[in-house]
Amino acid sequence: MTALLVLDHLAKRLAGDSERWLFRAASLSLAPADFVAIMGESGVGKSTLLHIIAGLERPDAGHMTFRDQSLDLLDDDARTLLRRRHMGFVFQAFHLIPQLTVEENIALPWRLNALPRHDMRPRIGTLAERLGISKRLSAWPRELSGGEMQRVAVARAVVHRPALILADEPTGSLDAESAETVLDLLRESGEAEGAAILLVTHSPTAAGRARRRLRFDAQGFHPL
Ligand SMILES: Nc1ncnc2c1ncn2[C@@H]1O[C@H](COP(=O)(O)OP(=O)(O)OP(=O)(O)O)[C@@H](O)[C@H]1O
Ligand SMILES: [Mg+2]
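Everything in this summary refers to the structure shown in the same document. Since the structure is predicted, the reported quantities are computational estimates derived from the model, not experimental observations. (Residues numbered from 1 in each chain as written. Chains lettered and ligands numbered in written order. Predicted model: local features only at pLDDT ≥ 70, side-chain atom pairs only at ≥ 80, totals over all residues. Heavy atoms only, no water.)

**A look at the packing of helix H3 (residues 102-112) against helix H5 (residues 146-158)**
Okay, step 1: Running from N to C, H3 and H5 cross one another at 30°; their axes reach a closest spacing of 7 Å. With respect to their mutual orientation, H3 and H5 come out roughly parallel. In the crossing of H3 with H5, the sense of the turn from one axis to the other is right-handed. Along the contact surface, H3 presents Val-102, Asn-105, Ile-106 and Pro-109, while H5 presents Val-152, Ala-155 and Arg-156.
Okay, step 2: Looking at the contact of H3 with H5, its residues break down into 5 nonpolar, 1 polar and 1 charged. (Axes fitted to C-alpha atoms, helices over the stretch in contact; angles between N-to-C directions. Helix = DSSP H or I, 4+ residues; strand = E, 2+ residues; numbered from the N terminus. Parallel < 35°, antiparallel > 145°, perpendicular 65-115°, else oblique. Left-handed = near helix turned anticlockwise from the far one by under 90°. Contact = heavy atoms within 4.5 Å. Nonpolar A, V, L, I, M, F, W, Y, C, P; charged D, E, K, R; others polar.)

**Remarks on the sheet that holds strand E10 (residues 220-223)**
Okay, step 1: The strand order across the open sheet formed by 6 strands is E6-E7-E8-E3-E9-E10, and the pairing between neighbours is mixed. Strands at the two margins of the open sheet, each flanked by one partner only, are strand E6 (87-90) and E10. Strand-to-strand twist of the sheet, defined as the mean angle between neighbouring strand axes without regard to direction, takes the value 20°.
Okay, step 2: Sheet topology places E6 next to strand E7 (residues 164-168); 4 bridges connect them, and they run parallel. Looking across to E7, one finds that Gly-88 is bridged to Ile-165.
Okay, step 3: Where helix H2 (residues 76-86) meets the sheet, its contacts fall on E6 and E7, and the angle it forms with E6 comes to roughly 80°.
Okay, step 4: Sheet contacts for H5: E6 and E7; angle to E6, the most-contacted strand, approximately 170°. (Pairing = 2+ DSSP bridges.)

**What about the sheet that holds strand E2 (residues 17-30)?**
Okay, step 1: Read across the open sheet, the 4 strands follow the order E2-E1-E4-E5; overall the sheet is antiparallel. Strand pairing shows two members of the sheet lacking a second neighbour, E2 and strand E5 (69-70), which therefore form its edges.
Okay, step 2: Bridging between strand E1 (residues 5-14) and E2 involves 7 bridges; their strand directions are antiparallel. Across the sheet, residue Leu-7 finds its bridge partner in E2, namely Leu-28.
Okay, step 3: Sheet contacts for helix H1 (residues 46-54): E1, E2 and strand E4 (61-66); angle to E1, the most-contacted strand, approximately 125°.

**Looking at the coordination of the magnesium ion (ligand 2)**
Okay, step 1: The magnesium ion (ligand 2) binds to the protein through Ser-47 (OG) and Gln-92 (OE1), with metal-donor distances spanning 2.0 to 2.2 Å. Linking Ser-47 in helix H1 with Gln-92 in the loop between E6 and H3, this pair joins segments that are 45 residues apart in sequence. (Donors = N, O, S within 2.8 Å, 3.2 Å for Na, K, Ca; no water.)

**Concerning the site of ligand 1**
Okay, step 1: Near ligand 1, the surroundings consist of 16 residues, among which Ser-42, Gly-43, Lys-46, Thr-48 and Glu-57 are the closest.
Okay, step 2: Within the contact set of ligand 1, a nitrogen atom lies 3.4 Å away from a backbone nitrogen or oxygen of Ala-15.
Okay, step 3: Out of a free accessible area of 640 Å², ligand 1 has 66% covered by protein chains.
Okay, step 4: If you list the elements that add at least two residues to the shell around ligand 1, you get E1 and H1. (Near = heavy atom within 4 Å. Polar contact = N/O pair within 3.5 Å; in protein donor to acceptor, adjacent residues only side chain to side chain. Areas by Shrake-Rupley, 256 points an atom, 1.4 Å probe, with all protein chains shown as cover.)

Take a look at the structure:
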(Lines give C-alpha, C1' and ligand atoms only; values in the text may rest on other atoms or scores of the structure.)
(Ligands and ions follow the chains in the order given, each with its own letter.)
Protein backbone atom coordinates (compact mmCIF):
# COMPACT_ATOMS: atom_id res chain seq x y z
CA MET A 1 0.00 0.00 0.00
CA THR A 2 1.48 3.35 -0.92
CA ALA A 3 1.59 5.93 1.82
CA LEU A 4 -0.96 8.73 1.85
CA LEU A 5 1.37 11.15 3.61
CA VAL A 6 5.13 11.02 4.09
CA LEU A 7 7.03 13.46 6.29
CA ASP A 8 10.77 13.29 5.75
CA HIS A 9 12.92 15.10 8.32
CA LEU A 10 10.64 18.10 8.61
CA ALA A 11 12.08 20.88 10.73
CA LYS A 12 10.87 24.25 11.95
CA ARG A 13 12.90 27.06 13.45
CA LEU A 14 11.76 28.96 16.50
CA ALA A 15 9.93 32.13 15.58
CA GLY A 16 12.19 35.14 16.01
CA ASP A 17 15.32 33.02 16.55
CA SER A 18 16.76 31.71 13.32
CA GLU A 19 19.55 29.86 15.16
CA ARG A 20 17.34 27.56 17.17
CA TRP A 21 14.97 24.82 16.12
CA LEU A 22 11.52 24.20 17.49
CA PHE A 23 11.81 20.64 16.16
CA ARG A 24 13.98 18.75 13.71
CA ALA A 25 13.78 15.47 11.90
CA ALA A 26 10.05 14.86 12.11
CA SER A 27 9.62 11.76 9.93
CA LEU A 28 6.41 9.79 9.58
CA SER A 29 4.63 7.66 7.02
CA LEU A 30 0.85 7.51 7.17
CA ALA A 31 -1.16 4.93 5.21
CA PRO A 32 -4.81 5.34 4.19
CA ALA A 33 -7.10 4.45 7.13
CA ASP A 34 -4.18 4.75 9.55
CA PHE A 35 -5.02 6.29 12.92
CA VAL A 36 -2.07 7.81 14.76
CA ALA A 37 -2.17 9.64 18.08
CA ILE A 38 0.53 12.22 18.72
CA MET A 39 1.32 13.14 22.30
CA GLY A 40 3.92 15.51 23.66
CA GLU A 41 4.52 18.34 26.07
CA SER A 42 2.83 21.67 25.61
CA GLY A 43 4.87 23.92 23.33
CA VAL A 44 6.87 21.21 21.51
CA GLY A 45 5.25 22.16 18.22
CA LYS A 46 2.42 19.68 17.67
CA SER A 47 0.00 22.30 16.38
CA THR A 48 2.76 23.86 14.29
CA LEU A 49 3.43 20.46 12.73
CA LEU A 50 -0.26 19.97 11.83
CA HIS A 51 -0.32 23.46 10.30
CA ILE A 52 2.72 22.56 8.21
CA ILE A 53 1.08 19.34 6.99
CA ALA A 54 -2.03 21.31 6.03
CA GLY A 55 0.06 23.88 4.17
CA LEU A 56 -0.86 26.71 6.51
CA GLU A 57 2.80 27.15 7.46
CA ARG A 58 6.02 26.23 5.70
CA PRO A 59 8.72 23.98 7.14
CA ASP A 60 12.30 25.33 7.30
CA ALA A 61 13.77 22.00 6.22
CA GLY A 62 12.66 18.55 5.10
CA HIS A 63 10.21 17.20 2.56
CA MET A 64 6.59 16.11 2.42
CA THR A 65 4.62 14.07 -0.05
CA PHE A 66 0.87 13.56 -0.24
CA ARG A 67 -0.24 10.72 -2.53
CA ASP A 68 3.27 10.61 -3.99
CA GLN A 69 3.05 14.27 -4.95
CA SER A 70 5.77 16.49 -3.50
CA LEU A 71 4.21 19.28 -1.46
CA ASP A 72 7.45 21.27 -1.43
CA LEU A 73 6.92 22.35 -5.03
CA LEU A 74 3.32 23.51 -4.75
CA ASP A 75 2.52 27.20 -4.48
CA ASP A 76 0.07 28.53 -1.90
CA ASP A 77 -2.94 28.32 -4.21
CA ALA A 78 -2.25 24.69 -5.04
CA ARG A 79 -1.77 23.90 -1.34
CA THR A 80 -5.08 25.58 -0.56
CA LEU A 81 -6.90 23.51 -3.17
CA LEU A 82 -5.30 20.31 -1.94
CA ARG A 83 -6.18 21.10 1.67
CA ARG A 84 -9.72 22.09 0.79
CA ARG A 85 -10.46 18.89 -1.10
CA HIS A 86 -8.47 16.23 0.69
CA MET A 87 -7.96 17.38 4.25
CA GLY A 88 -10.15 18.12 7.24
CA PHE A 89 -8.76 20.18 10.11
CA VAL A 90 -10.08 20.41 13.66
CA PHE A 91 -8.24 23.47 14.97
CA GLN A 92 -7.23 23.58 18.61
CA ALA A 93 -9.02 26.95 18.91
CA PHE A 94 -11.92 25.78 16.65
CA HIS A 95 -11.73 28.77 14.23
CA LEU A 96 -15.44 28.81 13.50
CA ILE A 97 -16.48 31.68 11.26
CA PRO A 98 -18.49 34.10 13.43
CA GLN A 99 -20.57 35.51 10.55
CA LEU A 100 -21.88 32.05 9.59
CA THR A 101 -24.42 29.92 11.43
CA VAL A 102 -23.47 26.51 12.76
CA GLU A 103 -24.99 24.84 9.70
CA GLU A 104 -23.18 27.21 7.33
CA ASN A 105 -19.90 26.58 9.14
CA ILE A 106 -20.29 22.84 8.76
CA ALA A 107 -21.37 23.26 5.13
CA LEU A 108 -18.31 25.31 4.20
CA PRO A 109 -16.03 22.49 2.94
CA TRP A 110 -18.99 21.02 1.06
CA ARG A 111 -19.73 24.28 -0.72
CA LEU A 112 -16.10 25.17 -1.39
CA ASN A 113 -15.68 21.81 -3.08
CA ALA A 114 -18.96 22.18 -4.97
CA LEU A 115 -20.13 18.74 -3.85
CA PRO A 116 -23.67 17.67 -4.90
CA ARG A 117 -26.18 20.04 -3.30
CA HIS A 118 -28.92 17.47 -2.67
CA ASP A 119 -26.62 15.33 -0.50
CA MET A 120 -25.48 18.17 1.73
CA ARG A 121 -28.38 18.56 4.14
CA PRO A 122 -28.74 14.84 4.88
CA ARG A 123 -24.99 14.60 5.47
CA ILE A 124 -24.99 17.59 7.84
CA GLY A 125 -28.13 16.29 9.54
CA THR A 126 -26.58 12.90 10.18
CA LEU A 127 -23.37 14.38 11.58
CA ALA A 128 -25.23 16.90 13.74
CA GLU A 129 -27.49 14.20 15.12
CA ARG A 130 -24.53 12.01 15.88
CA LEU A 131 -22.64 14.81 17.62
CA GLY A 132 -25.67 16.04 19.57
CA ILE A 133 -25.78 19.49 17.95
CA SER A 134 -28.93 19.12 15.78
CA LYS A 135 -30.76 21.75 17.81
CA ARG A 136 -27.95 24.24 17.35
CA LEU A 137 -27.75 24.29 13.55
CA SER A 138 -29.27 27.75 13.20
CA ALA A 139 -27.29 29.22 16.12
CA TRP A 140 -24.31 31.54 15.77
CA PRO A 141 -20.92 30.41 17.00
CA ARG A 142 -20.93 33.05 19.77
CA GLU A 143 -24.05 31.44 21.24
CA LEU A 144 -22.37 28.06 21.69
CA SER A 145 -20.59 26.52 24.65
CA GLY A 146 -16.94 25.52 24.16
CA GLY A 147 -17.91 21.87 23.84
CA GLU A 148 -20.57 22.68 21.24
CA MET A 149 -18.04 24.74 19.24
CA GLN A 150 -15.66 21.83 19.33
CA ARG A 151 -18.28 19.42 17.99
CA VAL A 152 -19.15 21.86 15.19
CA ALA A 153 -15.44 22.03 14.34
CA VAL A 154 -15.32 18.23 14.19
CA ALA A 155 -18.38 18.06 11.92
CA ARG A 156 -16.83 20.65 9.59
CA ALA A 157 -13.58 18.68 9.44
CA VAL A 158 -15.22 15.43 8.33
CA VAL A 159 -18.28 16.56 6.34
CA HIS A 160 -16.58 16.35 2.91
CA ARG A 161 -15.07 12.92 3.63
CA PRO A 162 -11.43 14.01 3.40
CA ALA A 163 -8.59 11.54 2.88
CA LEU A 164 -6.67 13.02 5.82
CA ILE A 165 -8.12 14.32 9.07
CA LEU A 166 -5.86 16.51 11.19
CA ALA A 167 -7.43 16.76 14.63
CA ASP A 168 -5.72 19.06 17.12
CA GLU A 169 -6.90 18.13 20.62
CA PRO A 170 -10.47 17.58 19.33
CA THR A 171 -11.83 16.35 22.66
CA GLY A 172 -10.16 18.94 24.91
CA SER A 173 -13.41 20.76 25.73
CA LEU A 174 -15.68 17.73 25.90
CA ASP A 175 -17.18 15.59 28.65
CA ALA A 176 -16.30 11.89 28.55
CA GLU A 177 -19.41 10.86 26.62
CA SER A 178 -19.07 13.52 23.90
CA ALA A 179 -15.36 12.77 23.64
CA GLU A 180 -16.20 9.13 23.06
CA THR A 181 -18.65 10.10 20.30
CA VAL A 182 -16.06 12.28 18.57
CA LEU A 183 -13.45 9.52 18.72
CA ASP A 184 -15.98 6.97 17.41
CA LEU A 185 -16.78 9.30 14.52
CA LEU A 186 -13.11 9.81 13.66
CA ARG A 187 -12.49 6.11 13.78
CA GLU A 188 -15.46 5.37 11.56
CA SER A 189 -14.24 7.94 9.04
CA GLY A 190 -11.15 5.80 8.85
CA GLU A 191 -12.90 2.44 8.74
CA ALA A 192 -15.77 3.37 6.41
CA GLU A 193 -14.14 5.95 4.19
CA GLY A 194 -10.45 5.12 4.40
CA ALA A 195 -9.49 8.44 5.97
CA ALA A 196 -6.14 8.61 7.71
CA ILE A 197 -6.24 10.39 11.05
CA LEU A 198 -3.58 12.33 12.90
CA LEU A 199 -4.88 13.00 16.38
CA VAL A 200 -2.96 15.36 18.65
CA THR A 201 -4.03 14.81 22.22
CA HIS A 202 -2.98 15.14 25.84
CA SER A 203 -5.57 12.51 26.79
CA PRO A 204 -4.29 8.95 27.26
CA THR A 205 -7.87 7.73 26.85
CA ALA A 206 -8.20 9.43 23.46
CA ALA A 207 -4.75 8.22 22.40
CA GLY A 208 -5.81 4.72 23.39
CA ARG A 209 -8.37 4.72 20.58
CA ALA A 210 -5.69 5.14 17.90
CA ARG A 211 -3.94 2.31 16.10
CA ARG A 212 -0.49 3.75 16.91
CA ARG A 213 0.79 6.19 19.48
CA LEU A 214 3.81 8.44 19.00
CA ARG A 215 5.52 10.94 21.26
CA PHE A 216 6.63 14.18 19.62
CA ASP A 217 9.52 16.31 20.84
CA ALA A 218 12.28 18.54 19.45
CA GLN A 219 13.94 15.49 17.85
CA GLY A 220 10.79 14.31 16.09
CA PHE A 221 8.62 11.22 16.62
CA HIS A 222 9.25 8.35 19.02
CA PRO A 223 7.11 5.23 19.55
CA LEU A 224 5.11 5.22 22.78
N1 LIG B 1 5.06 29.76 13.05
C2 LIG B 1 5.83 29.46 14.08
N3 LIG B 1 7.14 29.31 13.90
C4 LIG B 1 7.94 29.01 14.92
N5 LIG B 1 7.52 28.88 16.17
C6 LIG B 1 6.20 28.99 16.41
C7 LIG B 1 5.30 29.26 15.38
N8 LIG B 1 4.06 29.28 15.91
C9 LIG B 1 4.20 29.03 17.21
N10 LIG B 1 5.49 28.88 17.53
C11 LIG B 1 6.06 28.60 18.84
O12 LIG B 1 6.35 27.26 18.80
C13 LIG B 1 6.06 26.62 20.02
C14 LIG B 1 5.14 25.47 19.76
O15 LIG B 1 3.82 25.91 19.56
P16 LIG B 1 2.66 24.87 19.25
O17 LIG B 1 1.40 25.63 19.39
O18 LIG B 1 2.93 24.21 17.97
O19 LIG B 1 2.86 23.82 20.44
P20 LIG B 1 1.95 22.58 20.85
O21 LIG B 1 2.84 21.40 20.95
O22 LIG B 1 0.80 22.48 19.95
O23 LIG B 1 1.48 22.98 22.32
P24 LIG B 1 0.07 22.67 23.09
O25 LIG B 1 0.16 21.25 23.55
O26 LIG B 1 0.10 23.64 24.23
O27 LIG B 1 -1.03 22.94 22.14
C28 LIG B 1 5.53 27.70 20.94
O29 LIG B 1 6.58 28.11 21.80
C30 LIG B 1 5.13 28.82 20.00
O31 LIG B 1 5.36 30.07 20.59
MG1 LIG C 1 -1.18 22.79 20.20
